[in-house]
Amino acid sequence: MKVEPTYERSLRIQLHGPGPSDVPEEVVRAMSVTTLGHLDPEFIKIMDETQSMLRALCQTKNRMTIPISGTGTSGMETLVANLVEAQDRQDRIVVVRNGFFGERIAEIVSRYGGEVVPIDLGWGTVVTPDEVREVFSRKRCQVLFLVHAETSTGALQQNMGEIGEIVRENGALFLVDTVTSLGGTEVKIDEWRIDAAYSGSQKCLSVPPGLSPVTLNERAMEKVRGRKVPSFYFDLGIIEQYWNEGHQRKYHCTAPINMIYGLHEGLRLVLKEGLDARFQRHRKNAAALQAGLEALGFTYVVKKQNERLPMLHAVYLPDGAEEGRLRGELRSSYNIEIGGGLGEFGGKVWRIGLMGHSSTEDEVYSLLNAIGEVFEKYDIVDDRAVGSEAAGAVYKDAESSC
Ligand SMILES: *Cc1c(COP(=O)(O)O)cnc(C)c1O
């Protein structure tokens, strides 16, 4: 069998879907460094630095801030496995189901034997503090679990601090999915009283898929330590003894060494840019892309402007546009990947990502130019330039208001 080596294939794709996102050169270089042993003193230094940088990014002091070996869903499952009690007493877990990932959380909670108390909302909306208060007044629940940035609908949960306060007043734990938000918009773990959260390497951190940063405070870790976790691989009580800053470390499972090099470099780049500058960059490019998409005839799934994600644009196609064919053409003729709709949005919605490294002015124009050309070809617009011109006007306004 003759197989061409991967590194000799010319694969040049601009990733503008819901993740993975484009990986910067520095991260690729970091990942190609010689593999060390998982208990090597040099590697332990890299682990310690990775933890410190993750804490800075999450705006937390939590000692238990580590990457789990696995994609975002492994972080989701880690939280459920460690924090949902099913054996001695069945915990009640309030799950906000307003999109694909909220539904996945509910599925995992029930597989682990927790009782799901759903707050069912339309896709594209977010939960209000009053809705959260109402559930807790009806039933005693041990956990509230929600998705901060719902990648299937493009919705950004609001009022995080207020919701965190309500959950704390009710003696419950506040668990949050920050897979798409971390690195692209504010995530304030301590200030919002989030007890545990997880993320993913391949969205706004611009690192390949394979790691899921998680952070848990002492309230959450107390619950973990007091019980027998039904998963071995995701048992944070054991994992804690490997990521044991300043103390003797015990082997749990071999760490994915080169993935951690990549995360380390991704985090270094995030912090070098500065959190405020990075979030501002995401907002600015989002505003330009939005103007362009609207000029091309797209409409947003999320109706309220302040609830839209800067890093992921979920939009309905204009009437008559053939979703699959157009998206295929962007991939085959322009080397651009964007995402289709999940679940009930299949065939109706595009999900266009401007995540991390690839949220740039150049990328906004390249997306809008490509979509404009394809739309003109299929007579969806008369003028291919309407999108990029609308984006240009937004950039010009931003410049003159500085
Ligand atoms: C992508 C994503 C996940 C799942 O992450 P995987 O890396 O695919 O396992 C979970 N939650 C949200 C909000 C996501 O966007």
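The structure reproduced in this document is the subject of the present report. (Residues numbered from 1 in each chain as written. Predicted model: local features only at pLDDT ≥ 70, side-chain atom pairs only at ≥ 80, totals over all residues. Heavy atoms only, no water.)

## Some points on a negative patch on the surface
Link 1 in the chain: Residues Asp379, Asp382, Asp383 and Glu389 make up a contiguous surface patch of negative charge.
Link 2 in the chain: Tracing the backbone through its elements, the reader meets Asp379 in the loop between helix H12 (361-377) and helix H13 (386-400).
Link 3 in the chain: Overall, Asp379 belongs to the exposed group, its relative accessible area being 68%. (Patch = residues over 30% accessible without salt bridge, like charges linked within 9 Å, V, L, I, M, F, W, Y side chains within 5 Å. Areas by Shrake-Rupley, 256 points an atom, 1.4 Å probe, with all protein chains shown as cover. Salt bridge = Lys/Arg side-chain N within 4 Å of Asp/Glu carboxyl O. Lys, Arg positive; Asp, Glu negative; His and termini not counted. Charge placed at Lys NZ, Arg CZ, Asp CG, Glu CD. Helix = DSSP H or I, 4+ residues; strand = E, 2+ residues; numbered from the N terminus. Buried < 20%, exposed > 50% of the residue type's maximum accessible area, 1.4 Å probe, protein only.)

## As for the sheet that holds strand E1 (residues 14-16)
Link 1 in the chain: What the five strands build is an open sheet, ordered E1-E13-E14-E12-E11; its pairing is mixed. Looking along the sheet, the strands with just one partner apiece sit at the ends: E1 and strand E11 (299-300).
Link 2 in the chain: Sheet topology places E11 next to strand E12 (residues 312-316); two bridges connect them, and they run antiparallel. By the bridge assignment, Tyr300 is partnered in E12 with Val315.
Link 3 in the chain: This element, helix H10 (residues 275-295), spans E11, E12 and strand E14 (349-353) of the sheet and lies at about 15° to E12. (Pairing = 2+ DSSP bridges. Contact = heavy atoms within 4.5 Å. Axes fitted to C-alpha atoms, helices over the stretch in contact; angles between N-to-C directions.)

## Thoughts on the pattern of salt bridges
Link 1 in the chain: As enumerated under the stated definition, the model contains 27 salt bridges in all.
Link 2 in the chain: A salt bridge links Arg97 to Asp120; the shortest N-O distance between them is 2.7 Å. Of the two residues, Arg97 sits in strand E3 (residues 92-97) while Asp120 sits in strand E4 (residues 115-120), which places them 23 residues apart along the sequence.
Link 3 in the chain: In this structure, Lys304 and Glu307 form a salt bridge, with 3.8 Å as the shortest nitrogen-oxygen distance.
Link 4 in the chain: When its relative accessible area of 10% is taken as the criterion, Glu307 is described as buried.
Link 5 in the chain: Each of Asp130, Arg133 and Glu162 takes part in a single network of salt bridges with overlapping partners.

## Describing the nonpolar core
Link 1 in the chain: Formed by 84 residues in total, the largest nonpolar core has its most connected members in Leu83, Leu144, Phe145, Leu146, Phe174, Leu216 and Leu236.
Link 2 in the chain: Top element by residues in this core is helix H9 (residues 257-273). It accounts for eight residues.
Link 3 in the chain: The residues contacting Leu146, other than those within four sequence positions of it, are Val96, Val127, Gln157, Met160, Ile163, Phe174, Leu175, Val176 and Asp177.
Link 4 in the chain: Among the nonpolar cores identified, the runner-up in size contains 26 residues, and Ala288, Phe298, Leu368 and Phe375 belong to it. (Core = buried A, V, L, I, M, F, W, Y, C linked by side-chain atoms within 4.5 Å.)

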